[in-house]
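Coordinate inspection notes
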Amino acid sequence: MSWGHACVDVYQGAVAALVPYFVAERAYSYAAASGVVLAASLLSSLVQPLFGVLTDRWAMPWLLPLSALAAGAGVALSGVTGSYALTLAVVAVSGVGVAAYHPEAARVARTVSRGRHTAMGWFSFGGNAGFALAPLLVFAVVATGGLRATPLLVVPALAGAALCAAAVRSAGSGAGSAGASTAVGEDDWPSFLRLSGAVVCRSVVFVGLGTFVSLYVRERIGGGEAAGTAALFVLYAGGAVGTLAGGRLAERYGRTAVVRRSYALTVLAVAGLVLVPGPPVYLFVALTSAGLYVPFSLHITLGQDFLPRRVGTASGVTLGLTVSVGGLAAPALGALADATSLRTALLPLVALPALGRLLLCGLREPAPPGAAVSDRADPQEPVAR
């Protein structure tokens, strides 16, 4: 499941990694380039809750390989389309594939991990590793062959489809049983909505930086495409480490405490990224990556425990919908950058993790799977799994 997740999330990272090449080869403005990111996010945001509801009612493990293929096909065609409209259309298909994958994948992963933080951390690690590899993969393909070489980017989708099919067969009957049929506990919608609001703030920061950090670093310190690709790689690669660290830290300090502190770190890190000149920008990119990714898998398990009767819906929101929502803000950032500068456009991203931290104030640790709702742990106490 972790490797299959990596092969699918390559395509979320690939869309942002393609932006500098669309700007260079097709002379897209910042707003037009960010519109490509919006295309991958908008339809995904609309259909993701639907897939979450469906997986709450019926197990659909067959959807995993199919969605991997759709995600790859859209990105593979993005560089060979003849118009801006067609580019948006095929990237939107990729976004739908990503949206279809995540709720069912998170349900299956929860089944086989038995709710353990570290196991879900490994599942999330796969997706973040895919994000991290995306700019390197795009650079290897497009920097040498141009946008016309994007059909080669379909290879991870083929591997992902095979891995997902193998994972579902290995999971056996557990992957084929709907989570709703065995759900216990009561849904805590107020806490879930507060968590979702914080994740939306994280999403806007993550997608905004993913779209523009490559161009921003090239503008600030020079170095051409390699310098920009390196910055995007640092942003994504730090997530692979941060996700695993998040599971470990949560077992020691508790999920809500770790999530709150991560948002506080992100405020300082993004401020340094935007305001500190010169090569130290890479350090602040790495710190931003840690702040954004340490709570990543914890968002998933917290959401699932807040909505134990709607695991698919919770997974679709925390793992997918609130990530996709960040793409809706990308065109606004692009338009602001066109009107002013990239630095000015990125400044609002400093305030968003602060808002997320406020939403998380007082959020209590939810009851673990199978526990009574009244047995919720104190938010400052670690939760044993």
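An account of the accompanying structure is given in this report. (Residues numbered from 1 in each chain as written. Predicted model: local features only at pLDDT ≥ 70, side-chain atom pairs only at ≥ 80, totals over all residues. Heavy atoms only, no water.)

The next point concerns helix α10 (residues 281–293). Relative to the 18 Å expected for 13 residues at 1.5 Å per residue, α10 spans 18 Å between its end C-alpha atoms, a close match to the ideal helical length. Buried within α10 we find Val281, Phe284, Val285, Thr288, Ser289, Gly291, Leu292 and Tyr293. (Helix = DSSP H or I, 4+ residues; strand = E, 2+ residues; numbered from the N terminus. Expected span 1.5 Å × (residues − 1). Buried < 20%, exposed > 50% of the residue type's maximum accessible area, 1.4 Å probe, protein only.)

To continue, consider the packing of aromatic side chains. Tallied over the full model, the rule gives ten aromatic pairs. Relative to Phe125, the ring of Trp122 has its centre 5.3 Å away and its plane inclined at 70°; by these criteria the two rings are edge-to-face. In this pair, Trp122 and Phe125 both sit in helix α5 (residues 117–145), three residues apart, roughly one turn of the helix. A residue is classified by how much of its surface remains accessible, and Trp122, at 46% relative accessible area, is partly exposed. Judged by centre distance (5.5 Å) and plane angle (85°), the ring pair of Phe206 and Tyr293 falls under edge-to-face. Of this pair, Phe206 sits in helix α7 (residues 189–221) while Tyr293 is found in helix α10, placing the two residues 87 residues apart along the sequence. According to the relative accessible area criterion, Phe206 is buried, its value standing at 4%. Of the aromatic side chains, those joined through ring pairs into one cluster are Phe131, Phe206, Tyr236, Tyr293 and Phe296. Taking the ring centre of Phe206 as reference, the NZ or CZ of Arg202 above it sits at 5.0 Å. (Phe/Tyr/Trp six-rings, centres within 6.5 Å; stacked < 30°, edge-to-face > 60°. Lys NZ or Arg CZ within 6 Å of the ring centre and 35° of its normal.)

Take the side chain of Arg255 next. With respect to the helices, strands and loops of the structure, Arg255 is situated in helix α9 (residues 255–275). Note on Arg255: relative accessible area 0%, which makes it buried. One polar contact links Arg255 to Thr301, side chain to side chain, over a distance of 3.2 Å. At a separation of 3.0 Å, a polar atom in the side chain of Arg255 contacts the side chain of Asp305. (Polar contact = N/O pair within 3.5 Å; in protein donor to acceptor, adjacent residues only side chain to side chain.)

Let us look at the state of the cysteines. Tallied over the full model, the rule gives zero disulfides. With no disulfide of its own, Cys164 lies 7.7 Å from the sulfur of Cys7, the closest cysteine sulfur. (Disulfide = S-S within 2.5 Å.)

Along the polypeptide, Thr313 turns up in helix α12 (residues 311–339). Here Thr313 is in contact with Gly52, Val53 and Asp56, once residues within four sequence places are set aside. (Contact = heavy atoms within 4.5 Å.)

With that settled, consider the packing of α9 against α10. The relative placement of two packed helices comes down to the angle between their axes together with the axis-to-axis distance. Running from N to C, α9 and α10 point in directions that differ by 155°, and their axes come no closer than 8 Å. When the interaxial angle is binned, α9 and α10 end up roughly antiparallel. Where α9 crosses over α10, the handedness of that crossing is left-handed. When α9 is examined against α10, the residues Ser262, Leu265, Thr266, Ala269, Val270, Gly272 and Leu273 are found in contact with a partner set consisting of Val281, Phe284, Val285, Leu287, Thr288, Ala290, Gly291 and Leu292. Along the lines of polarity and charge, the residues of the contact of α9 with α10 split into ten nonpolar, five polar and no charged. (Axes fitted to C-alpha atoms, helices over the stretch in contact; angles between N-to-C directions. Parallel < 35°, antiparallel > 145°, perpendicular 65-115°, else oblique. Left-handed = near helix turned anticlockwise from the far one by under 90°. Nonpolar A, V, L, I, M, F, W, Y, C, P; charged D, E, K, R; others polar.)

This part is about the nonpolar core. Counting 78 residues, the largest nonpolar core has Phe123, Val138, Leu209, Leu235, Tyr236, Leu273 and Leu349 as its most contacted members. Broken down by element, this core gets its largest block of residues, eleven residues, from helix α1 (residues 2–26). Aside from chain neighbours lying at most four places away, what touches Leu349 is Val204, Val205, Gly208, Leu209, Val270 and Leu333. Among the nonpolar cores identified, the runner-up in size contains 17 residues, and Val199, Val259, Val317 and Leu360 belong to it. (Core = buried A, V, L, I, M, F, W, Y, C linked by side-chain atoms within 4.5 Å.)

What follows is about empty space enclosed by the protein. By the definition in use, this model includes five cavities of 30 Å³ or more. Roughly 70 Å³ of internal volume is contained in the second largest cavity. Lining the second largest cavity, in full, are Ala17, Pro20, Tyr21, Pro135, Ser214, Arg218, Glu225, Gly228, Thr229 and Leu232. For the lining of the second largest cavity, the secondary structure elements donating two or more residues are α1, α7 and α8 (224–253). A per-element tally of the lining of the second largest cavity places α8 first, with four residues. Split into classes, the residues belonging to the lining of the second largest cavity amount to five nonpolar, three polar and two charged. (1 Å grid on protein atoms, 1.4 Å probe; cavity = no way out; pocket = protein on both sides within 12 Å on 5 of 7 lines; lining within 4 Å. Points joined across faces, edges and corners; volume = space filled by probe spheres on them.)

We now examine the pattern of salt bridges. Scanning the model with the defined rule gives four salt bridges in all. The partner of Asp187 in a salt bridge is Arg310, with the nearest N and O atoms 2.2 Å apart. You can see Asp187 sitting in the loop between α6 (155–171) and α7 and its partner Arg310 sitting in the loop between α11 (296–306) and α12, a full 123 residues away along the chain. Judged by its relative accessible area of 18%, Asp187 falls in the buried class. Its salt-bridge partner being Glu365, residue Arg255 comes within 2.5 Å of it at the nearest N-O pair. Taken together, the residues span a long stretch of sequence, with Arg255 in helix α9 and Glu365 in the segment after α14 (351–360) at a distance of 110 residues. Pair check on accessibility: Arg255 and Glu365 agree, each one buried. (Salt bridge = Lys/Arg side-chain N within 4 Å of Asp/Glu carboxyl O.)

Right, let's get into α14. Within α14 the residues assigned to the buried category are Pro353, Gly356 and Leu360. The arc enclosing the buried residues of α14, seen along the axis, measures out at 50°, which places them on a common side. Buried residues in α14 make contact with α7 and α9. Looking one or two residues past α14, Gly362 carries a phi angle of roughly 80°, positive in sign. (Arc of directions from axis to C-beta.)

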